[in-house]
Amino acid sequence: MSTGTGAGEVNHRAQTVEAYRLWWQHDAHWYQGVASRFGQEAANEINAEALRKVAAHVGQRVGRRSGAFPDSGDSRKDLEELRRRFDECGDRMFPPELRNASTEVEDDDLIVLTLRRNFAITMVRMAGSLDGYRCPCTDIHAGWSEGLGVTLTENRAESCLRNGDKACRLLMRVRTPLAHGTEG
């Protein structure tokens, strides 16, 4: 099997990205079907529940791969490690082709995720379901945190692309020290 990109050859990366797009389009149409049959609130609840479960699974996998939190005694350093793990969770669930996101530590217990592009919003908009759609971002972060074994004391969106803001700004305040909130 060829992996080149010449005439007649398959570009596997392009096929993978297209598969992601098609699954997200499926997801948007699925959401729209649930909303039309059972109501927008039911679609939002089921969507958030499903994404939280997937996110918890991703968090568990990242946690197993990364090992126990170092508990260095420096909460800022430990939070940087958690920030790195949140980034890895995001990259596993939403490849860079589908989003533009970055995280940073802003306080001794606050991680801020800034999302400048979200393919899910684009697909929901294209499916005609943006009105009444509730972003499941906080549910995703709750799932990642659960899977990683940390406790969020705050989990909220300060701004949202869905509402026409230039970026989503999501605040995740974490109970510290991290090692006391983990199962190792």
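What counts, and at which threshold
Residues numbered from 1 in each chain as written. Predicted model: local features only at pLDDT ≥ 70, side-chain atom pairs only at ≥ 80, totals over all residues. Heavy atoms only, no water. Disulfide = S-S within 2.5 Å. Buried < 20%, exposed > 50% of the residue type's maximum accessible area, 1.4 Å probe, protein only. Axes fitted to C-alpha atoms, helices over the stretch in contact; angles between N-to-C directions. Helix = DSSP H or I, 4+ residues; strand = E, 2+ residues; numbered from the N terminus. Parallel < 35°, antiparallel > 145°, perpendicular 65-115°, else oblique. Left-handed = near helix turned anticlockwise from the far one by under 90°. Contact = heavy atoms within 4.5 Å. Pairing = 2+ DSSP bridges.

## Looking at the state of the cysteines
Moving on, step 1. Taken as a whole, this structure holds zero disulfides when the rule is applied.
Moving on, step 2. No disulfide involves Cys-135; its sulfur sits 3.5 Å from the nearest other cysteine sulfur, which is in Cys-160.
Moving on, step 3. No disulfide involves Cys-168; its sulfur sits 4.2 Å from the nearest other cysteine sulfur, which is in Cys-160.
Moving on, step 4. The class for Cys-168 is buried, based on a relative accessible area of 2%.

## So, the packing of helix α2 (residues 40–66) against helix α3 (residues 75–93)
Moving on, step 1. Two elements in contact, α2 and α3, have axes whose closest approach is 9 Å; the angle formed by their N-to-C orientations is 125°. In terms of their interaxial angle, α2 and α3 are classed as oblique. Of the two elements, α2 crosses α3, and the hand of that crossing is right-handed. Here α2 contributes Leu-51, Val-54, Ala-55, Val-58, Gly-59, Arg-61, Val-62, Arg-65 and Ser-66 to the contact with α3, which in turn contributes Arg-84, Arg-85, Glu-88, Cys-89, Arg-92 and Met-93.

## Things to note about the sheet that holds strand β4 (residues 168–174)
Moving on, step 1. Taking strand neighbours across the sheet as the criterion, the four strands line up as β1-β2-β4-β3 in an open arrangement whose pairing is antiparallel. The strands lining the two open edges of the sheet, one partner per strand, are β1 (99–105) and β3 (152–159). Each neighbouring strand pair of the sheet contributes to a mean axis angle of 15°, computed without reference to strand direction.
Moving on, step 2. Here β1 pairs with strand β2 (residues 110–118) via seven bridges, running antiparallel. The residue bridging Val-105 from the neighbouring strand is Ile-111, located in β2.
Moving on, step 3. Sheet strands touched by α3: β1, β2 and β4. Its angle to β1, the strand with the most contacts, is close to 170°.
Moving on, step 4. Against the sheet, helix α5 (residues 137–148) makes contact with β2, β3 and β4, and its axis sits at roughly 150° relative to β3, the strand it touches most.

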